[in-house]
Structures are given as structure tokens and as C-alpha cells.
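What the coordinates show
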Amino acid sequence: MSSRLPSSPSRQLGTAPGLVSCPVCQARHVPFPNQPSGGVFASQCQQCCHVFKFRASAPTKSTVTFTVNGKQYTAGNEHSATTSLNQFLRQNHVSFGTKFMCREGGCGCCTVAVMLTNPVDGKTESASINSCLCPLFVCDGWTITTVEGIGQQRTGLHPIQQHLVDYNGSQCGFCSPGMVMTMYSLLENNPSPTKRFVEDAFDGNICRCTGYRPILDAMKSFAKQVPDIEDIRTKVCKKTGKPCEGGCSSQNSLHILSQDAQWYRPTSLSELYQILGQHKTESVRLTFGSTASGVYGDLGPWNYQVIVDIHAVKELSTIAVTSTLDVGANLTLANLIQLFFSKSTQAGYSYLSTIGSHLSRVAQSQVRNVGSWAGNLVLKQKHPEFPSDVFILLEAVGATLTIGPNSETVTPLEFLSTDMTGRVVEQAHLPTLPDKTYVRTYRVAPRTQNCQAYVNGALRMRLDKGPSFTVLEQPSLVFGGISKTLVHATKTEQFLTGKQLGDQTVLQGALNTLFTELLPDDDPVFGSAAYKKQLAVAFLYKVKHLHYNTRLAQRVKPEQLSVVSFRFLFRVNSEEDKVHIYAFAPCDLLISCHFVSRQFCLVTCSASVDPKYVSGGNNLVRPVSSGQQSYDTQKMEWPITEPLPKLEAKAQATGEAEYINDIPPIDGQLYGTFVLSTEGNAQIQTIDPSAALKIPGVVKFISASDIPGENNCSPFGAAEEIFCSGKVEYAGQALGLIIAESLAAAEDGARSVKVTYSNVQAPIVSIQDAIDKKSFFPKPGDVVVGNAEDAIAKSPKSVTGSVSMSSQYHFHLETHISQCTPTEGGMSIVASTQFPDGSQTIAAKALGEPVSSIDLSVRRLGGGFGAKILKNCHVTAACAVAARLTIKPVRLMEGLGTNMEMVGKRPAYRADYQVGFTEDGQLNGVKIIYYCDSGYSPNGDTSPTATQFGDNVYHCDNWHMIPTPVKTNCPGHTAVRGPGATPGIFIMETIIEHVAKSLGKDPTAVKILNLYKKGQTTPTGMYLPYCSISDLMTQLDTSAQVSSRVQQVQQFNQANRWKKKGLSVVPVKYGILWEGGYFNSLVAIYNGDGTVAVNHGGVEMGQGINTKVSQVCARILGIPMDLVKIKPTDTLSAANTGVTGGSVGSELTCKAVMECCQMLVARMAPVKAKMKDPTWLQLVQKCFSEGIDLTARYWLFPKTQYEFQYNSYGVACSEVEFDVLTGEYLLNRVDILFDCGESINPALDIGQVEGAFVFGLGFHLLEETLYDPKTGQNITSDTWTYKPPSSKDIPVDFRIQLLKNAPNPLGVLKSKAVGEPPLCLSSSALFALKHAIEAARKDAGQDTPFVLNSPATVARLQENCLTAVSQFVYKP
Ligand SMILES: Cc1cc2nc3c(=O)[nH]c(=O)nc-3n(C[C@H](O)[C@H](O)[C@H](O)COP(=O)(O)OP(=O)(O)OC[C@H]3O[C@@H](n4cnc5c(N)ncnc54)[C@H](O)[C@@H]3O)c2cc1C
Ligand code: FES
Ligand code: FES
């Protein structure tokens, strides 16, 4: 995958009208004024003096005009041809609510709504799009709506915004505007969508905080309660006075000559070909959706001299039914889906619904809304390794393409080798397929949504319906993702022709032919060769299997309910427009549930196939998700324990919440971009910034030697350099900083800096490599209790094993950012930091100035998750140095790539263990070596914490835990939500699973046997007087009917060979560390009106710290919450403040504020005693007049008896359904019971439980960081290759209970911390999958213990099933 490049800078140039080209010398020049206004004109070439005529059939525009939120804007060549709509909106201060992060269609925070004409039905419709991928000049005539345009706090929230608030659908709020706009666009078109329709629309929006459930609930609430569409459609056209329908601009030709490229918009094919003819010698790019640059950076507009927008070429938008279905190149993927479903009822076209369904899984809504099928095919042509879904579908069904200007007809396969210089894809022609033809398509991807497939396949076969299923003609078996060259499995196609598919030997022959024929490429991210081969063969097996078992049954009509056979019950759900098939075993046990489109004929069993194999043919289909939440509240204590929405929720939902990059730039402000090393283990030889310095707008390059003070960005432990001074420790290390007048110029400049290296050596990028090369940091102390080695040796049973975990990226949507402004006395800084004191101190040291000269403040973060504790210090220090050297304000915001490559993450782990136990599974001795990949810096080591959590909830008399940090050429790693605890607990759970499996026992029973009991002591010496884990296990067993569901799972597994279920219960004990949580707070009561301002040392990053502080303050002072205002954290009012992290920021800040309030109450009490029922204001003013100090400050510096103040407890039960043939799964149900004490705000704490759990699902199932072993470069540093959970990766049925009647005697206001502990419960999903795999391995005759490493990706899951082609049969 080539790198994705952000846009080039905007460049200044005078206005230029459209150009004419001389037919002799091709020179382009500006026609004389008034010439190009229609008709034929004569002109003289300004270069060769040739006199020529040209025709201007209509006025050619040189500017684009569009409206945003009802206001008209005009833009011309003062902008670069590469400027995106997002850049325009933000740089011109039109919309700061519209965010950006990845700039590649991978996150959705840039979503806006535009009105587009749909060529399928001719209607003008709203479409959500990624403004980051949309070129500005495409927007001519568009009506654009941003989050500000639909509702504001001042004028009233739009119902969508209000629902997001009411359902607690925002935490850090960075994703919220994008979520709102996706929904807005959907409701504009369909005011009464089904829940499924709503859920499907969010495939392009990432939220890292909430776990999606509250967002989806907020949005799905519109499925039933529909606001008046006219209320939503607020935009009124200034011309007509009617609701805006967009597209009111004339479709005139457009020609903008900007300094970096020429931009054309022809209105006809002939004009298009004329333009292409004029620019034969230049690099020309046609552009439609312009989304391809989100996949491959080389297709970005910045690489071309001439860009031709083909939106207005009417001939490319046609749809016609001739002998084929003819679709113009300008149909978007969304148009195609709509068209295909509408035409699929016509004779010969039933296959269109199959490929339409497939297309709805391609990319995501915002891309499908604007991306064309033709652009997709060209993407495939330019990058043959790309597993284009459009390509396999068109090729398999036998479509042809018309290529202009000479109307050549080619197949999609022939198109791949067609020279497209000066040519255009005009149409695709989809044939009718004869009776008895079956089309089945498949795609299996690492993530359910918005993800490239490992392998995709489209298979077309014509079969005789008779019992032997004869293959009547050569089938078409098309695969993507196998290799650059493989398209058809030709040998298998030939093998099958004329054969009888019902014959099991034919089946085996075909599968073996395919297995031999395919020679897949290994891809570290998108699947090993072995897995890809297995998938492709499974596709064929599935399709044969399906056909062999299919016979045409009656067509089911809506609302029909009928028992068709003793095995299947069909019911139509009209809301979902789907047929639900409930499959019943003879014992009437519900064993599976599938959804099929209403148009399909239904499936029933063939007596000749073993029923156990039937489910192999069906793909897993995810039902609409739902959630339940249950918690206690103590009304007497309100607003404490009241489930209130976040204070900032309205500002977040309306886009008014200001993040640092939304602060309007200060006059003269500069921008910085880091220059990163491309080698992982080398010496810098030279750094040459000369090419960068020539780029307009680039001001300066700074490196290590320019730092006035210390070249260190680590506030603790070993020094870490701000800029590398010579020895490169990892690829991605900061070598210097380019400073420029715009972000785009800074990014261009950073790419242009030339660096040479000497002494280049192979980097160490894996733990195994580090162990082999003995690359260790000094070992922290072992934890030793009893004699583990001896106990293991003397145990009747023992096992040894090893388990690994990958490094996890924080994926905070707001990347690292700081803004530094030199001031009279020093430096003013706003920084996205969880540790203001650390960033302030490090900046001062880098500048060589007193800490007191630095004023640092932080209002909110767009997510932190630990990244912004230590790692913001790096960004802030570099930014401060840049500001000091240029004496200008500097903003330094890391692009996603820099953020992922330069900054450390959760360390990868490997644990080697030995365990001794009794015949029952009681632990006797446990020995674990924790290898922690700390990266290049010892500061990244979290292995001591892993040992603190290593026992999880299990008692054992003998422990030996050995923390072992290894040194690699990776970034210096850092804390990520649940640092150390997450691997520590997962390792112990793996051990218990191993013990249970080796004994053939139920893992839950072995867990219960070993649980801590009240009064026992942990390996770190903590006495457990309040351990409630046994009670939680019992309660969850009842509330989640665990025991009965285990039996159902077993029955399901006995009845099915290719689908398996698994269920796992994981308990967690999570120690809450108070020491080091020092927090300053200040509460001021104003005598003017009695309002209260609070400044505290905690940082609001989505967890709701400000809301909880407000609740506490209001409660203790006895005033309404709206009198309380929380101020941004700053390093004067909250000097020396600790880290907001480790789950304790909220409770300790609340405690500090509580102390302040109690001081104030005490001071005011004597005055109050002298008054008779004073109002709050009367009391305040009386106190003021009597000289009472109405400001209180408190410094909290906790000391605790044990290393942890107390433990949080929780239990989760996860149930999955798993496709043995592909590795895909559904997380069908998750029940969590979590002990939050007496929650200060249960609504927010439920959000923390859900968000943390889904964060953990990412760690355990999806997110893998991979490095190039040759250079050490991170090869998963973008949204294409790194996949955090999306909205369909969450549990289908997600039930959260906060433990009731559980006041915490050791907590703040009886509460317990919640930010991190629930993350560790998410391993239950991994273990549920492991149990499903165990069932599959049992069927494969290999029921042996195995360890499932994290993340258990789809590929890894399938690979563990030990499936072989020989097992792909109809009958055992
Ligand atoms: C986040 C994301 C996820 C994606 N996921 C998938 C996926 O899962 N599966 C998949 O198959 N694809 C996927 N894609 C690719 C997506 O389908 C394509 O980017 C899109 O269809 C391209 O259409 P476009 O109109 O935006 O093309 P553009 O970006 O406008 O153009 C792409 C190329 O096609 C050329 N071109 C466009 N139209 C014509 C024409 N009529 N004649 C000749 N040349 C032309 C352009 O010159 C350019 O070189 C994804 C893309 C993104 C951004
Ligand atoms: S910034 Fe546009 S999708 Fe991420
Ligand atoms: S609230 Fe969605 S990313 Fe933070």
C-alpha cells in the first residue's frame, strides 16, 4: 500500500479566466476579455502568433460557488486545486465543528451533508460525505450543511443533537459532529428509517470513547419517533423561498488555473475528450468522488498537472435497459446499490440483488455516496493488488465496459491491461443471466465495516436443477486479494465444467484443484498465503454446499408465518424488510437465526447431506444491536448519584466545543510538522532541508542543535530526545521540525527534507528477536510468594505455555497538539495534555527558562487514553522551541501517520508460564515471565504493573512473577487504558483456561474454585477485607442465565460442524492506585451573584470529570448545578497537579473539590447561623460583607496503606457464534456486572464501562501493530491498516449492570473508579471464541489445549481451527 499524502498547500495567484489552447504549439493563454461568451471566436496565439478560431459554446466559469449553511461562498484560484472542502471550511472559519483526523475516509469526523442529484430516480437527495476527501472545486453549485447549520445552543438544538445529548452519546465529543451529520443526511432522505437502516449508516464513523451503543440508541430512537421532515430541512433557497434542493447552479464548463494545477469541468463527452486531447503530454487525472486518494496516496490530486472533474458530463450519468443494463460511469456505489435492487425483480437480473448486497459492504456510506464504480475499477487497474469488490462482481457476472472515445468494448479483465491515456470509462453493461444461473459472492475482512477484504470472491455457476447438479457451462470463479495477477481460478472452472456437483468426489476434486491452483501472496496485514488459500477454497465449498442443499421453495410474502418443514420456521419482519429463518432441531431447540432478503427463494435440507454440515453454507448475518443498562441511584443524595448528561454534551453535539485546533489562528501564526526517521537502527549522516526551505511558505527547519535548553521530553525516568541528536533508535523518531506558514506547507516541507544514514543495522522489532539478541533493560524486582518452582514440581498436574499480545495504539481522534505563543514574560501554551505539570516543566527545560515563565492550560481533550500523559510533553517541547526560535505563535498538530509512527503505544507482551495444580484444578504454584516490549526507552516498561495485576482474582500460595522489559527499535512505549493490568489479567486468564482444558473441566468451574475469598491476601501483600468477586460471579450466573446457556451452546455445537458457539465468563479484580494522584483545586464563590467557579487539576477528556465535580460542588454547597462553572485546567490555579489517568482522576478531583467546598461551608456556617433562612445569594453577600474569604484551595496528596487504595470488581459473560470456514464471528451477547460502588453519576459510569469494554475488544480481537522487519517502519500507521472497533464490532446484545447496594467504604463518596477496569473484561470475547474453536478442533479430531494470542483476528481465529480441505465434504 503506498503512503497516503495529505494535500499540498494552498498557493496564492491572481485571478485567471478560462484558457484556450493554440492548436499548433499547444500553448495555453487567456483569451481577450469578453471572448469566451458563446459562439465562434478568433484568437492569436501569444506564443507562436498562429491565428485560430475556437468555439465557446457556453460561458466558462473560473470560480466555484456553493452554499454552506445557507450562506453563499465563491472560491477560485486563490485556492490550490488540491484544497479539500474540509480545508476550506476550517481555514475560512466557516465550520470548526467539522473536524478532521485521518484525511483518508477512515474516521468520519469530517462528515458533512450535501445535496446531490441521484441519477437513478432523478431526485435531489442529501448525502453524507467525507469533507476531507472532497476537492473544493467539485463543490460548484452544491448546498452543504455542517453541524453548525442544523442547531446551536443559542438557537436550539436539532432533534438529532438533542438525542445524542439525552442518550449520553458523547464522551470526548470529537466524533460527535460527524455522527450528527451522518444521521442528518439519512433523515433528510428517509424520515422513517428502520433501525437496521440507521445502524447500517454508521459504517464510516469511528468513536473511540463510547463503545457506540449510546450513539446507536440515540440515532435509532428516530426509527420510531420521527421528527417532522420539514423541521429538519431548515435550509430555504434564497432564490425560490422553498426548501433547498441543491444543485441550483448551472452546469457550465469550468476552468480554474491555479498555480499547482489546472482544473476543468467539461459538460459533455466531446468537451471532455477535447480537454484530454489538449493535455496529452501532461499528467491528467479525471476526478469524480476523489475518494481513491483515501486508499492510495499516489492517486491524490497533488500528483497531477491537470484535473478534470467529470460530474457535469451528462452522458456518463445515463442508465438504460437495452439487451443489457447499461450504467454510466458516474453512478456512485450508492446509486448502483439502489439501481440493482430495483432491477433485480426483472427476468434474468435476480443476481443484481446479490451483488447489490455485496456492494453495500464496500467501503462506507460516505465513500459509497460519492465514489463511482468506474473510479473503483481504475483504482484496481492502477494497483492490481487491490482486492476491488466492484471488479470481481462485474467480472464474475460477465459485464462489459465501453471505453471512449472509440467505444471499445472490453471485459473488466481486459480493462486491467487497457491503456487509458486520454480515454474514459463510459459505461458498464450488465447482462441478463440465463435460468439456472447462480451467483454467490463473499468477502471476509479483518473488520466488519470499512475494511479491505482479506479475500473476496464472486462465483457464477449454471447448474441443472436435477439431483446431481450438473454444471452446465464453464463457471466463473473470480477472486480478489490472492495476488496481483490472479483473477479467475481457470483450472477449477475447467475442471467443473460438465461435472456433477452433487458427487462428493467431484467436490473434493474441485476443491483440491482450487487449492493447488491458487498461489496467494503473503500479506502481513491482510492475511497469510495459507489463510487466503483456505478462504478461497471455503468460498467454493460454501457455494457448492449451498447449491447442493438448495431447492426452490415457495416465496415468502410479508407477514407470512409458516412452518415449512420440521426444521425451519420462516417469519417476515416487515420493519427490517427481511425474512428471518429460525432453524429448529428436532428437539425444538432454537439453534440458529438467519436473515435473507425477501426476494430469495428459501433453503431447505436435502436428505443426502448430513444436517450437521448445512450451516456451513450460510454467512453470519448480524441482527440489529440493542443494549440494556441497569443501576442504582440514591435520590436523597442528588445531584450526587444522579444519572445526569455531561455538562459539555450540548456543545459537543452542536460542534461548538472548542478543541485546540479549533482555536482561530493568531496573526502570524506558524505551523510545525515533524521530520521522521525512515530507518530504525542507524546513525544520522546528513540532514538536508534545502529543498523544503524552497517550498513557498516554509519558514525554518529546526533540529537537535537548535534546542536552547535540554534535549529531553521525558518528565520521568530515562531521558528521551526531542529531536534525535545522532543515533536513531527507531523508525519514526523525530529528527527535526519544519515550520511554515500553513499546515500544508509544513507537511510538504517535512516530506522534502533529505536524510542520509550511516551504520544502518537490522532493527529489533519483536520480543523474540530481542530475547535472541539479549536486548534487555535492567530487570525490576520479581514478585515472590512462597516457592512456586517447588510447588509446581510437587503438583500432581502441571502445564507450561506461552501467550502473546500485540501493541495497541490509543487512537484518540484528536491527535497530539500544542500551541505555543511567546509572551512578554515567557510562553503561553495550550496543550492536549493529561499531565499539565509535566508538559509545562518539560517545555521550560527545553527552552532553558524557569518553569514559572510557562503558562499552560487545557480545556478538554479529544480523547487521551493515556497517550497524552507523557507523550504530549514531546509535542509541547518541540512546539515551544519552535515558538521561541521564530518569536511567533506556533501550532504543532501531528498528522495521524506521525502520531502512529512517532509516539509510543501499549507495549506488546509475551508471557511464558508454568503452573502446578491439583486434579481439581486448584492452583498450587504459578511462575510467569512477563516480557514487555518497552520500545527503545526503559520508560515504556509496564511489566511491574503487569505483576501487580498478575493474580487477577485467583488465590495461590506460591507465586513467582518475573517482570522482564526488552529493548527494541520501536517507539518508547507508554500507558494505554489499563496499562500493565490488561496484559497481566489476560495472561492469568489464559493460564486458568489452560489448566481447565488440560483437565477437561469447565473453565468457569476452575475459576470459581480458585477465587479470592474475603480476608485473603494478594501476592503484593494487600489484605482483602471487602472482596466481592464470588458474589458477583453468582449474581451474573443468575442474571445472564449462564449455566443454561452453556448447555444450549453445547447442543448447538453438537448439531453443527461449520458454525460453532462459545461462551466465556471472565472475572476481574482491578487495584485502584491513589498514590501519585496529587490534585490541586480551587473554588471561588462570587459575591456579585453567588455563582461559583471551580478550577481543578483534572483534565476533561470525555470521562465526565467536570460533570462529577459540578455535582459534588453543588451538593456540598447546597446550590443548583447551574450556578457552578468549571474552568479550564491551568498550571497557575492548579500548579503541580498530577496525572489525570489510572481511572482515579475523577474521584480524586472530586475529593479535592469536596474539601474546598467543605472549607467554604465551614467558613460560612457562623454567618449563616446568624441569619434566618437566607437565600444562597443573601448568605454569600453577607459573608462577603463580613470579610469571609469566599475562595478555597485544597491540595490532595493521598497516602494509602497498601499499594492500592481498594479494588474494583467486575464479571463479564460473552457469547459468540463463529464461522469455522472463514473465521468470522458475531459477538451475540455480552453481560457485564460491574462494581462501581455508589456511582457519582451512573449514566456516565455506564458509558465508561461500555467504552472501556469495546476498547478492549479492539485490543483482543482487532488491533495489531506491525513493523517492517527490514527498516523497523510501522506498516500499520493509517486507518486502512489499523482497525479499531467500528459500530458493528460491538456486542449484538449488550447488557450492563452496575452492582446495586454496594457503597465503597474506601472510596470517594462511596464510589469506585471505572475508567479502566472494564477493559480487562473484554478478554471474555476472545475466550468465547477460543471455546468455539475448541469445538471445531474436536470435530477435526484434534481436541488438544492451545493458546489463543491477542488480538484474535479473523485470520488467526480460522487458522487455529485446524481445518483441512479433506474435511470439506457433504457427509462425514
Ligand atoms: C475509506 C475507503 C474504503 C474503501 N473500501 C473499499 C472496499 O472495501 N472495496 C473496494 O472495492 N473499494 C473500496 N474503496 C475504494 C472506493 O470504492 C473507490 O475509492 C471509489 O469507488 C473510487 O471512485 P471515485 O469516484 O471516488 O474515483 P476518483 O477518486 O475520483 O478516481 C479514481 C481514479 O479513477 C479515475 N477515473 C474516475 N472515473 C473515471 C472514468 N469514468 N474513466 C476513466 N478514469 C476514471 C481517476 O482518474 C482516478 O485515477 C474504499 C475507499 C475508501 C476511501
Ligand atoms: S478526516 Fe475525513 S474520514 Fe477521517
Ligand atoms: S466521543 Fe466519540 S471519539 Fe470521543
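For the structure, see preceding data.
Structure report, in brief.

The rules behind each value
Residues numbered from 1 in each chain as written. Chains lettered and ligands numbered in written order. Predicted model: local features only at pLDDT ≥ 70, side-chain atom pairs only at ≥ 80, totals over all residues. Heavy atoms only, no water. Helix = DSSP H or I, 4+ residues; strand = E, 2+ residues; numbered from the N terminus. Buried < 20%, exposed > 50% of the residue type's maximum accessible area, 1.4 Å probe, protein only. Areas by Shrake-Rupley, 256 points an atom, 1.4 Å probe, with all protein chains shown as cover. Near = heavy atom within 4 Å. Polar contact = N/O pair within 3.5 Å; in protein donor to acceptor, adjacent residues only side chain to side chain. Pairing = 2+ DSSP bridges. Axes fitted to C-alpha atoms, helices over the stretch in contact; angles between N-to-C directions. Contact = heavy atoms within 4.5 Å. Expected span 1.5 Å × (residues − 1). Parallel < 35°, antiparallel > 145°, perpendicular 65-115°, else oblique. Left-handed = near helix turned anticlockwise from the far one by under 90°. Nonpolar A, V, L, I, M, F, W, Y, C, P; charged D, E, K, R; others polar.

The next point concerns the overall build of the chain. Scanning the chain from N- to C-terminus turns up 36 helices and 50 strands. Per-residue burial over the chain gives 64% buried out of 1372 residues. As presented, the chain carries roughly 46,000 Å² of accessible surface, and 52% of it is formed by carbon and sulfur atoms.

As a further point, take the site of ligand 1. Around ligand 1 sit 37 residues, and of these L286, F288, T291, S372 and D389 come closest. Residue R285 places a side-chain N or O atom 2.9 Å away from an oxygen atom belonging to ligand 1. Take G289: an N or O atom from its main chain is 2.8 Å from an oxygen atom of ligand 1. Burial of ligand 1 by the protein amounts to 98% of the accessible area it has alone, namely 970 Å². Secondary structure elements with two or more residues in the shell around ligand 1: β12 (284-287), α10 (365-370), α11 (373-382) and β18 (424-431).

Read from one edge to the other, the open sheet built from five strands follows the order β33-β41-β40-β39-β34, with strand pairing classed as mixed. Either end of the sheet is taken by a strand with one partner, and the two such strands are β33 (783-785) and β34 (797-805). Pairwise comparison of adjacent strand axes, ignoring direction, gives a mean angle of 10° for this sheet. Pairing of β34 with strand β39 (residues 909-917) involves nine bridges; the strand directions are antiparallel. When the bridges of β39 are listed, V803 appears paired with A911. Sitting on the sheet, helix α27 (residues 981-999) is in contact with β34, β39, β40 (923-933) and β41 (959-966), with an inclination near 140° to β34.

So, about helix α3 (residues 176-189). Between the first and last C-alpha of α3 there are 21 Å, a value that for 14 residues agrees with the 20 Å anticipated at 1.5 Å per step. Among the 14 residues of α3, 13 are classified as buried, and the element is accordingly described as predominantly covered.

On to unusual backbone geometry, then. For the bond running from G404 to P405, omega is 10°, close enough to zero to count as cis. Across the junction of W638 and P639, the peptide omega takes the value 5°, indicating a cis bond. As for its placement among the helices and strands, P639 is situated in the loop between β26 (626-630) and α17 (649-653). For R103, which is not a glycine, the phi torsion comes out positive at approximately 60°. Mapped onto the secondary structure, R103 falls in the loop between α1 (85-91) and β7 (111-117).

Further remarks concern the environment of A996. Tracing the chain through its elements places A996 in helix α27. Taking the relative accessible area as the measure of exposure, A996 reaches 0% and is therefore buried. When the C-alpha positions of A996 and G921 are compared, they lie 6.7 Å apart, and in sequence the two are 75 residues distant. Among all residues touching A996, those that are not within four sequence positions of it are K1001, D1002, P1003 and V1006.

Here we take up the packing of helix α31 (residues 1105-1117) against helix α32 (residues 1145-1169). Contact geometry for α31 and α32: axes closest at 9 Å, N-to-C directions at 25°. As far as their axial angle goes, α32 and α31 are roughly parallel. Crossing hand, α31 versus α32: right-handed. Note on element contacts: α32 touches α31 through G1145, S1146, T1149, C1150, V1153, M1154, C1157, Q1158, L1160 and V1161, opposite I1105, K1108, V1109, V1112, C1113, I1116 and L1117. Classifying every residue of the contact of α31 with α32 gives 12 nonpolar, four polar and one charged.

Everything listed here is a matter of coordinates, which is why it stays silent on function.
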